[in-house]
Amino acid sequence: MARDETARGSKTEGLLNRRSYLKFAGATAATFAATGSAVGANEYETITIPAGETKSITVGDGETFENKLIDMSASGASALIKTTGSGWTIRNVGFKGEHPGGHYLMTPGVSDPDGSALIENVYMGDGQAPRTKSGGIWVDANLPHRGTITFRNIHIAGMIDNGLYGSGPGAQGYGGNLHVESSYFKGNTISNVRLNAKTRPCNVTNTVIDTTGAQPCGVGCSAPGSTNTRAIWSWYGETHLRNCDIVGDIATIDGGTVTETNTRTGESADTTPPKGVPMSAEQAASGAGGSSGNRKQAVQQKQAKAQGLSNVLSISSSDASTETNYEFEVTGNVRKSTARGGTKSEEDTIESGTVTGAVAGGTDSYRFAGILTSFSLDGNATLYLNGERVTPGKLGLPKMLVIDGRRSDGASTYSFDVGGSVTKDDTLGSVNAFDTISGKRVKGSVVDGRDAYRFSGDLNRIEIDGGAKAWISVGNDQ
């Protein structure tokens, strides 16, 4: 095993001790909760609900609820998962049995406008009792939801009063939004995916929505007995569809808009669930197995990867009298783009992944591959990353996690998940075959040295097996 080079850290925020399981969130938060070892990939707890009862489950600020099979097979048995605060995670949860209705199965929300949360690998595919009200998921407008929720690898089918109902916060004037990734919706009445994008765009990517087979609604709908439904229903603002397959109506209301990129509809759509989507409650709870994949989406993803430059950053200024200067770095290739009406100026320079430019009364856009590792702005501008409006502080990788094994005996292994992007920089620690990054998840080993990673978003989970300790730093000075 290779030894790891020393990493330099600053502004230390927290420490993780031996064999601890950490769940926390927040841009600068560092509240650590030692709760024992993580549940294995194929192990889960079964929560059996008696007939006629509803079990209420609350996931609090920074907590993780995972690897649960909620058995609602008994007559009238049901569950409700609700959340508080921000930075929470709901992962590997399967609802088994028909939903009796009367309430939603999940009412999540993020109270912090700058906060985020994740719902991943959840199965709600056993349908709902005929003509009942309140279907799958209702994003909690009463919390109120002000932040961002990402739904990934979700399976919702046969719900009567909306599959994923996320327009409520906008109706009440709040700016919370949601994103849907690699998910599957089938035959949910009223709407399958209902989004609010009042102040921030919503993205739906690599997702399949098939409206056929919707059941008649009963209470809670304007026309009892109707099977009317929408695949996508966008309210108040921007919804972006990317590499989706959709059978059914794409509808807008009250200022909602929808843009489609590489999206197939009607007879052109492939309604096979995306790869990894759980097809049963047991698959979801175990975190293992799922759909073998959607061929058309896989082809499109392969083509996009081959072309590279899949990310778009736009810097827009509305004041022609004042120049705004910017600089950013990416780990891959980068070039100018005309996205969002961007212009190409000779004053903007690109050199070895570093971009320096200025904008006044217009837009500069760039396509790039890899990860945006740093961003600085001098002046006023509106920023968009992959269609979503972001603040300068949200760009780049402002945080660092250091795994310190210098004072431990032998090797330590670790894994962790982040809410944004993550990369390992060889100036902060060694890069070797023992350390791997797969999307937002990192696994590695450290012995007699340090590993360090830069990341954005929340640190949602970390597990260490061995004597190494973990330090979190915020800021770019090393």
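Residues numbered from 1 in each chain as written. Predicted model: local features only at pLDDT ≥ 70, side-chain atom pairs only at ≥ 80, totals over all residues. Heavy atoms only, no water.

Things to note about the sheet that holds strand β31 (residues 382-385)
Okay, step 1: The sheet built from five strands is open, its strands ordered β26-β29-β24-β31-β32 with antiparallel pairing. Looking along the sheet, the strands with just one partner apiece sit at the ends: β26 (334-337) and β32 (388-390). Taken over all neighbouring pairs, the strand axes of this sheet differ in orientation by 25° on average, direction set aside.
Okay, step 2: For strand β24 (residues 311-316) and strand β29 (residues 363-368), the ladder comprises six bridges, and the chain directions are antiparallel. (Pairing = 2+ DSSP bridges. Helix = DSSP H or I, 4+ residues; strand = E, 2+ residues; numbered from the N terminus. Axes fitted to C-alpha atoms, helices over the stretch in contact; angles between N-to-C directions.)

With respect to unusual backbone geometry
Okay, step 1: Cis geometry is adopted by the peptide bond preceding P144, which originates at L143 and carries an omega value of -5°.
Okay, step 2: When you line up the elements, P144 lands in the loop between β10 (137-138) and β11 (148-157).
Okay, step 3: The backbone of N121 sits at a positive phi, close to 60°, despite the residue not being glycine.
Okay, step 4: Counting through the fold element by element, N121 comes out in strand β9 (residues 116-124).
Okay, step 5: Phi is positive for N243, close to 55°, though the residue is something other than glycine.
Okay, step 6: Its location among the elements puts N243 in the loop between β19 (238-242) and β20 (245-247).

Observations concerning the environment of A411
Okay, step 1: Counting through the fold element by element, A411 comes out in the loop between β33 (399-404) and β34 (412-418).
Okay, step 2: Sequence separation of A411 and D465 is 54 residues, and the distance between their C-alpha atoms is 8.8 Å.

Side note on the pattern of salt bridges
Okay, step 1: The tally for this structure, following the rule as stated, stands at 17 salt bridges.
Okay, step 2: Among the salt bridges present, the one from R91 reaches E120, with a minimum N-O distance of 3.0 Å. Pair noted here: R91 is in strand β7 (residues 89-96) and E120 is in strand β9, with a separation of 29 residues, a long-range link.
Okay, step 3: Assessed through its relative accessible area of 5%, R91 is described here as buried.
Okay, step 4: Across the salt bridge formed by E181 and R152, the nearest N and O atoms sit 2.8 Å from each other. Placement of the pair is E181 in strand β13 (residues 177-181) and R152 in strand β11, with a sequence separation of 29 residues.
Okay, step 5: Because the salt bridges share partners, they merge into one network encompassing E66, R91, E120, R152, E181, D417, R441 and R461. (Salt bridge = Lys/Arg side-chain N within 4 Å of Asp/Glu carboxyl O. Buried < 20%, exposed > 50% of the residue type's maximum accessible area, 1.4 Å probe, protein only.)

Regarding the side chain of T83
Okay, step 1: Tracing the backbone through its elements, the reader meets T83 in strand β6 (residues 78-83).
Okay, step 2: Under the relative-accessibility criterion, T83 is labelled buried at 4%.
Okay, step 3: Of note is the side chain of T83, whose polar atom sits 3.5 Å from the side chain of W88.
Okay, step 4: A polar side-chain atom of T83 sits 2.9 Å from the main-chain amide nitrogen of G109.
Okay, step 5: Ignoring sequence-local partners within four residues, the contact set of T83 consists of V59, W88, I90, T107, P108, G109 and L143. (Polar contact = N/O pair within 3.5 Å; in protein donor to acceptor, adjacent residues only side chain to side chain. Contact = heavy atoms within 4.5 Å.)

Observations concerning the packing of aromatic side chains
Okay, step 1: Summed over all chains, the structure comprises ten aromatic pairs.
Okay, step 2: Taken together, a centroid distance of 6.1 Å and an interplanar angle of 70° make the contact between Y326 and Y366 edge-to-face. Residue Y326 is found in strand β25 (residues 324-330), and its partner Y366 is found in strand β29; the two are separated by 40 residues along the sequence.
Okay, step 3: According to the relative accessible area criterion, Y366 is buried, its value standing at 0%.
Okay, step 4: For the pair Y414 and Y453, a centre-to-centre distance of 6.1 Å together with 75° between the ring planes defines the contact as edge-to-face. A residue pair is termed long-range when its members are at least 10 positions apart, and Y414 in strand β34 and Y453 in strand β38 (residues 450-455) qualify at 39 residues. The pair Y414 / Y453 is uniform in exposure class, with both members buried.
Okay, step 5: Clustering of aromatic rings is evident, with ring pairs tying together Y326, F328, Y366 and F375.
Okay, step 6: It is R230 that lies over the ring of W233; its NZ or CZ is 3.6 Å from the centre. (Phe/Tyr/Trp six-rings, centres within 6.5 Å; stacked < 30°, edge-to-face > 60°. Lys NZ or Arg CZ within 6 Å of the ring centre and 35° of its normal.)

What about the sheet that holds β25?
Okay, step 1: Pairing within the open sheet is antiparallel, and its four strands lie in the order β27-β28-β25-β30. Unpaired on one side and paired on the other, β27 (349-351) and β30 (372-378) mark the two borders of the sheet. Here the strands of the sheet are splayed against their neighbours by 10° on average, with no regard to which way each runs.
Okay, step 2: Note: β27 against strand β28 (residues 354-359), three bridges, orientation antiparallel. When the sheet's bridge partners are listed, I350 is paired in β28 with V355.

A look at the nonpolar core
If you look at soluble globular proteins, the nonpolar side chains tend to sit buried side by side.
Okay, step 1: The biggest cluster of nonpolar side chains holds 43 residues, and the ones touching the most others in it are I81, I90, F95 and L164.
Okay, step 2: In contact with F95, other than residues within four places in its own chain, are I70, M72, A79, I81, L105, M106, V122, Y123, M124, D126 and A281.
Okay, step 3: Ranked by size, the runner-up nonpolar core spans 16 residues in total, among them F416, V442, I462 and A470. (Core = buried A, V, L, I, M, F, W, Y, C linked by side-chain atoms within 4.5 Å.)

Some remarks on the confidence of the model for the protein
Okay, step 1: Taken as a whole, the protein shows an average pLDDT of 84; of its residues, 87% reach a score of 70 or greater.
Okay, step 2: Of the regions scoring below 50 in pLDDT, residues 1-41 engages in 135 contacts with residues more than four places distant in sequence or in other chains. (pLDDT = per-residue confidence, 0-100.)

Focus: a negative patch on the surface
Okay, step 1: Side chains of D61, E63, D112 and D114 sit close together on the surface and give a patch of like negative charge.
Okay, step 2: For D112, the location among the structural elements is in the loop between β8 (106-107) and β9. (Patch = residues over 30% accessible without salt bridge, like charges linked within 9 Å, V, L, I, M, F, W, Y side chains within 5 Å. Areas by Shrake-Rupley, 256 points an atom, 1.4 Å probe, with all protein chains shown as cover. Lys, Arg positive; Asp, Glu negative; His and termini not counted. Charge placed at Lys NZ, Arg CZ, Asp CG, Glu CD.)

Overview of the environment of D112
Okay, step 1: Since its relative accessible area comes to 33%, D112 is described here as partly exposed.
Okay, step 2: Here the alpha-carbon distance between D112 and G87, two residues 25 residues apart in the chain, equals 9.1 Å.
Okay, step 3: In contact with D112, other than residues within four places in its own chain, are S86, R146 and G147.
Okay, step 4: Looking at D112, its side chain comes within polar contact range of the main-chain nitrogen of D114, at 3.0 Å.

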